[in-house]
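Here's the letter readout for the chains.
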Amino acid sequence: MGLGRFFLVFVFLASVFCIANSIEFTEKDLASDESLWDLYERWRSHHTVSRDLTEKRKRFNVFKANVQHVHTVNQMDRPYKLKLNKFADMTNHEFRNSYSSKIKHHQMLRGDRPNTGFMHEKAENLPASVDWRKQGAVTGIKDQGNCGSCWAFSTVVGVEGINKLKTGKLVPLSEQELVDCEKDNEGCNGGLMENAYEFIKKHGGLTTENIYPYRAKDERCDADKMNAPVVMIDGHENVPANNENALMKAVANQPVSVAMDASGSDLQFYSEGVFTGSCGTELDHGVAVVGYGTTLDGTKYWIVKNSWGTEWGEQGYLRMQRDVDAEEGLCGIAMQASYPVKQSSDNPKPPPKDEL
């Protein structure tokens with residue numbers, strides 16, 4: 001096959017892939033309940049959602065309200081867009097209950113965050129932009145499923161990143177080990193990234209995703225798998241709270257775990273662009289900042305790795321406005337950031353290759 005023909009086939013397949021991963025609609029789809037029902041059926045077919053007739057009617061009403069919200073926001077002159085993703089027939093309350101980590105609740109139970117060092121405090125001459133994905137320090141987007149384990153995914157991004165920077169190897173690590181075995185947190189009922197970092201330090205490391213695969217539910221801790229650590233850390237440090245400049249210093253040096261308020265409907269259906277929407281500071285979701293940059297029109301943003309699969313957002317990522325007036329950052333992103341510390345390039349002796 002000639003190079004030109006190959007390129008055309010590639011472009012065609014890419015366009016088909018993009019179409020297959022989005023459900024578009026027009027004003028005609030909004031014209032009546034009948035046309036909206038057809039849209040709902042198309043959405044259900046696309047997402048292989050099975051409902052009995054009673055549940056379908058209930059979900060259809062939720063879907064209608066969400067379609068109208070997405071349509072209304074997309075008609076506004078905002079630098080971000082929404083789409084009908086896999087959450088389109090969930091109410092925002094249901095969405096929050098299913099995907100929330102209740103971070104603020106856990107922090108209230110635990111008390112004030114301890115004071116730690118901040119090794120990046122004196123960092124100067126920071127680069128204008130950073131993207132740790134381009135440095136090979138970030139694994140692919142994962143999906144936490146119907147489990148409030150985002151704290152585990154956020155933690156793992158930090159550990160995978162620092163391990164790559166110290167050893168040169170990007171090793172996908174196990175969120176399920178944290179869900180099952182880290183008893184200072186509550187698995188699918190939520191937790192804190194700081195607790196998870198201390199667990200990894202205390203237990204001599206974390207094993208791989210292949211050895212201890214993710215199940216999206218609370219299970220009994222598998223001690224044999226937990227006792228096969230592959231990547232170790234020396235602990236963690238907390239970024240000074242309510243300080244986006246301090247967060248920028250940390251992110252310039254490594255991927256960083258952060259908490260945010262992700263409860264709003266705009267974030268539920270976020271598709272692309274720099275998110276500048278309204279949100280609070282009731283921290284309920286753990287994510288990781290893996291870079292920052294500035295758009296051509298001068299809007300500064302964070303690059304946020306989420307754990308809701310590749311269909312959500314920009315192939316699983318969120319660009320969130322940076323350097324806002326509020327000291328806590330947009331959606332509280334600068335309130336509770338932390339990162340792992342790893343001084344050595346040494347890790348525990350890995351298990352045999354056939355186990356990895």
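- The name that an unreviewed UniProt entry assigns to the chain is Vignain, with the source organism given as Buddleja alternifolia.
- Of the chain, the UniProt comment under Sequence similarities (unreviewed entry) reads exactly: "Belongs to the peptidase C1 family."

**Looking at the overall build of the chain**
- Within the chain one finds 11 helices and 9 strands.
- Out of the 356 residues in the chain, the part that is buried amounts to 52%.
- Carbon and sulfur atoms make up 50% of the accessible area of the chain, which amounts to about 17,000 Å² in all.

**Quick notes on empty space enclosed by the protein**
- Evaluation of the coordinates by the stated rule reveals 3 cavities of 30 Å³ or more.
- Quantified by volume, the largest cavity comes out at close to 70 Å³.
- Residue lining of the largest cavity: 13 residues in total, with Phe153, Val157, Lys305, Asn306 and Ser307 positioned closest to the centre.
- Secondary structure elements with two or more residues in the lining of the largest cavity: helix H6 (150-167) and strand S6 (285-294).

**A short note on the packing of helix H2 (residues 33-46) against helix H3 (residues 53-74)**
- Relative to each other, H2 and H3 sit at 100°, their axes nearing to 10 Å. As summarised for this structure, H2 and H3 are arranged roughly perpendicular, according to the angle between their axes. Side by side, H2 and H3 meet where Asp33, Leu36, Trp37, Leu39, Tyr40, Glu41, Trp43 and Arg44 of the first sit next to Lys56, Arg59, Phe60, Phe63, Lys64 and Val67 of the second.

**Some words on the pattern of salt bridges**
- The tally for this structure, following the rule as stated, stands at 15 salt bridges.
- Between Glu175 and Lys142 there is a salt bridge, with its nearest N and O atoms 2.8 Å apart. Note that Glu175 is positioned in helix H7 (residues 175-181) and Lys142 in the loop between strand S2 (130-131) and H6, a separation of 33 residues in sequence. Accessibility assignment for this pair places Glu175 and Lys142 in one class, buried.
- Lys300 serves as the salt-bridge partner of Asp323, at 3.1 Å between the closest nitrogen and oxygen. Pair noted here: Asp323 is in the loop between strand S8 (317-321) and strand S9 (338-341) and Lys300 is in strand S7 (residues 300-305), with a separation of 23 residues, a long-range link.

**Some details on the pairing of strand S3 (residues 235-238)**
- Side chains of S3 alternate between two faces, with Gly235 and Glu237 and His236 and Asn238 buried alike.
- With 4 bridges joining them, S3 and S9 adopt antiparallel strand pairing. Within S9, the position partnered with His236 by the bridge is Pro340.

**Focus: the environment of Gly332**
- Along the chain, Gly332 turns up in the loop between S8 and S9.
- For the pair Gly332 and Asp261, spaced 71 residues apart in the sequence, the C-alpha separation amounts to 6.3 Å.
- Every residue in contact with Gly332, bar those within four places of it in the chain, is listed here: Ala259, Gly280, Thr281 and Leu283.

**Re the environment of Thr116**
- Mapped onto the elements of the fold, Thr116 is located in the loop between helix H5 (103-110) and S2.
- By relative accessible area, Thr116 is classed as partly exposed at 33%.
- In the structure, Thr116 is positioned 122 residues away from Asn238 in sequence and 6.0 Å away in space, judged by C-alpha atoms.
- Not counting the four nearest positions on each side in its chain, Thr116 is found in contact with His236, Glu237 and Asn238.
- Among the polar contacts listed, one links the side chain of Thr116 to the backbone nitrogen of Asn238, at a separation of 2.8 Å.

**Structural notes on the state of the cysteines**
- With the rule as written, the count across this model stands at 3 disulfides.
- In the chain, numbering the disulfide-bonded cysteines from first to last in sequence yields the connectivity 1-3, 2-4, 5-6.
- Not engaged in a disulfide, the cysteine Cys150 finds its nearest cysteine sulfur in Cys147; these two sulfurs lie 8.8 Å apart.

**Points about helix H4 (residues 92-99)**
- Residues of H4 that are buried: Asn92, Phe95, Ser98 and Tyr99. The buried side chains of H4 occupy one side of the element, clustering within an arc of 130° when seen end-on.
- On its buried face, H4 sits against H6, helix H11 (265-268) and S6.

**Considerations on the environment of Met248**
- By the element assignment, Met248 lies in helix H10 (residues 244-251).
- Looking at Met248, the relative accessible area reads 16%, which means it is buried.
- Setting aside residues up to four positions removed in sequence, Met248 forms contacts with Leu126, Pro127, Tyr292, Trp302 and Arg322.

Definitions and limits used
Residues numbered from 1 in each chain as written. Predicted model: local features only at pLDDT ≥ 70, side-chain atom pairs only at ≥ 80, totals over all residues. Heavy atoms only, no water. UniProt positions renumbered as here; feature names shortened; annotations may be inferred. Helix = DSSP H or I, 4+ residues; strand = E, 2+ residues; numbered from the N terminus. Buried < 20%, exposed > 50% of the residue type's maximum accessible area, 1.4 Å probe, protein only. Areas by Shrake-Rupley, 256 points an atom, 1.4 Å probe, with all protein chains shown as cover. 1 Å grid on protein atoms, 1.4 Å probe; cavity = no way out; pocket = protein on both sides within 12 Å on 5 of 7 lines; lining within 4 Å. Points joined across faces, edges and corners; volume = space filled by probe spheres on them. Axes fitted to C-alpha atoms, helices over the stretch in contact; angles between N-to-C directions. Parallel < 35°, antiparallel > 145°, perpendicular 65-115°, else oblique. Contact = heavy atoms within 4.5 Å. Salt bridge = Lys/Arg side-chain N within 4 Å of Asp/Glu carboxyl O. Pairing = 2+ DSSP bridges. Polar contact = N/O pair within 3.5 Å; in protein donor to acceptor, adjacent residues only side chain to side chain. Disulfide = S-S within 2.5 Å. Arc of directions from axis to C-beta.

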